[in-house]
Amino acid sequence: MVLLLSSVSVSSALTQSEIEAIVVWAGCEGATIQLMKEGHLGAWFDPSSIHLIFQGLDQVSDPIQVGIVLHETAHCLQDQQGILHFPTDPQQEKDADRIAVIKGCEWGISPTWMPELGTWFAENQNYFGDRSHGSFADRIAHALMDLPEICKWLLE
Ligand SMILES: [Zn+2]
């Protein structure tokens, strides 16, 4: 049974040091990372302590994990620019998605992680959006609109 259970996971979770490397590379300064393996897929940025918290990342593919890390990193960048406010609103979330998609292209992952995450949430958590984030469909449309060249070659 133990062997069977260990084969359930579809991908390996990013390690603490891999996440830290992405966060620092993307320009978020002084952050601490907290990883939680159990529970629903989720991620948060706490501006009071510059804390990035990730939960259940191993449930999604590696590119989606990088995308989620970059989305929370984008909130850190918004905070560094003094434009982050809580609770977040859909425009701020869309901007964070946009930053995450473009930085993801620079990191080498295709923008397709964003619609794939939307599909994953719909199928696994029956989640399509909420009041502070807006609808996932809107977020995807905004994130993929007029992408820079660095993203386009990844889509070919
Ligand atoms: Zn967010």
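Everything discussed here concerns the structure shown above.
Read on for an overview of the structure. (Residues numbered from 1 in each chain as written. Predicted model: local features only at pLDDT ≥ 70, side-chain atom pairs only at ≥ 80, totals over all residues.)

1. Here we look at the overall build of the protein chain
Inclusion rule: Each helix corresponds to a stretch of at least 4 residues labelled H or I by DSSP, and each strand to a stretch of at least 2 residues labelled E; elements are numbered beginning at the N terminus. Whether a residue is buried, exposed or partly exposed is read from the other C-beta atoms within 10 Å of its own C-beta, which are placed from the backbone; 20 or more gives buried, 12 or fewer gives exposed, and intermediate counts give partly exposed.
For the protein chain, the count of helices and strands is 7 helices and 5 strands. The N-to-C order of helical and strand elements in the protein chain reads α-α-β-β-β-α-α-α-β-β-α-α. The dimensions of the protein chain, computed from C-alpha atoms along their principal axes, are 50 × 40 × 30 Å. The 156 residues of the protein chain split such that 29% are buried.

2. So, the packing of helix 3 (residues 62-80) against helix 5 (residues 113-125)
Stated formally: Under this scheme, a helix contributes an axis fitted over its contacting stretch, all axes are lines through C-alpha atoms, and angles between N-to-C directions fall in the 0 to 180 degree range. Working rule for angles: under 35 degrees goes down as roughly parallel, over 145 as roughly antiparallel, 65 to 115 as roughly perpendicular, anything else as oblique. Contact between residues is assigned whenever the C-beta positions, reconstructed from backbone atoms, fall within 7 Å. For this classification, the nonpolar set comprises Ala, Val, Leu, Ile, Met, Phe, Trp, Tyr, Cys and Pro, the charged set comprises Asp, Glu, Lys and Arg, and every other residue, Gly included, is treated as polar.
Look at helix 3 against helix 5: their axes get within 9 Å of each other, and the N-to-C directions meet at 100 degrees. Here helix 3 is positioned roughly perpendicular relative to helix 5, judged by the angle of their axes. Contacts between helix 3 and helix 5 involve P63, I64 and G67 on the former and, on the latter, W113, M114, E116, L117 and W120. Grouping the constituent residues of the contact of helix 3 with helix 5 by class yields 6 nonpolar, 1 polar and 1 charged.

3. Looking at the sheet that holds strand 3 (residues 51-55)
Put simply, the rule reads: For two strands to pair, DSSP has to find at least two bridges joining them.
Reading across the sheet, the 3 strands line up as 1-3-2 and stay open at both edges, with mixed pairing between neighbours. The open sheet is flanked by strand 1 (32-36) and strand 2 (42-46), the only strands paired with a single partner. For this sheet, the mean inter-axis angle between neighbouring strands, taken without regard to orientation, is 15 degrees. Judged from the 5 bridges that link them, strand 2 and strand 3 form a sheet pairing that is antiparallel. Residue pairing for strand 3: D46 is matched across the bridge by H51. Strands in contact with helix 2 (residues 16-25) are strand 1 and strand 3; relative to strand 1, the strand with the most contacts, it is inclined by about 140 degrees.

4. Focus: helix 6 (residues 136-144)
What counts here: Here the arc refers to the set of directions running from the helix axis out to each C-beta atom.
Those residues of helix 6 not exposed but buried are F136, R139, I140 and A143. End-on, the buried residues of helix 6 take up no more than an arc of 100 degrees, which puts them together on one face. Considering only its buried residues, helix 6 is in contact with helix 4 (90-107), helix 5, strand 4 (129-130) and strand 5 (134-135). Directly beyond the C-terminal end of helix 6, a positive phi value near 45 degrees is found at D146.

5. Section: the environment of I109
Mapped onto the elements, I109 comes out in the loop between helix 4 and helix 5. Owing to 22 C-beta atoms within 10 Å, I109 belongs among the buried residues under this scheme. Here the alpha-carbon distance between I109 and E156, two residues 47 residues apart in the chain, equals 13 Å.

6. Some points on the packing of helix 2 against helix 3
Applied cut-off: In this scheme, a crossing is called left-handed if the near helix is turned counterclockwise away from the far one by less than a right angle; it is called right-handed if the turn is clockwise.
Their axes nearest at 10 Å, the elements helix 2 and helix 3 cross at an angle of 45 degrees. Between helix 2 and helix 3, the angle is such that the two are oblique. Relative to helix 3, the crossing made by helix 2 is right-handed. Across from I19, I22 and V23 in helix 2, the residues of helix 3 making contact are V66, V69, L70 and T73. For the contact of helix 2 with helix 3, the class distribution of residues is 6 nonpolar, 1 polar and no charged.

Everything listed here is a matter of geometry and, on its own, says nothing about what the molecule does.
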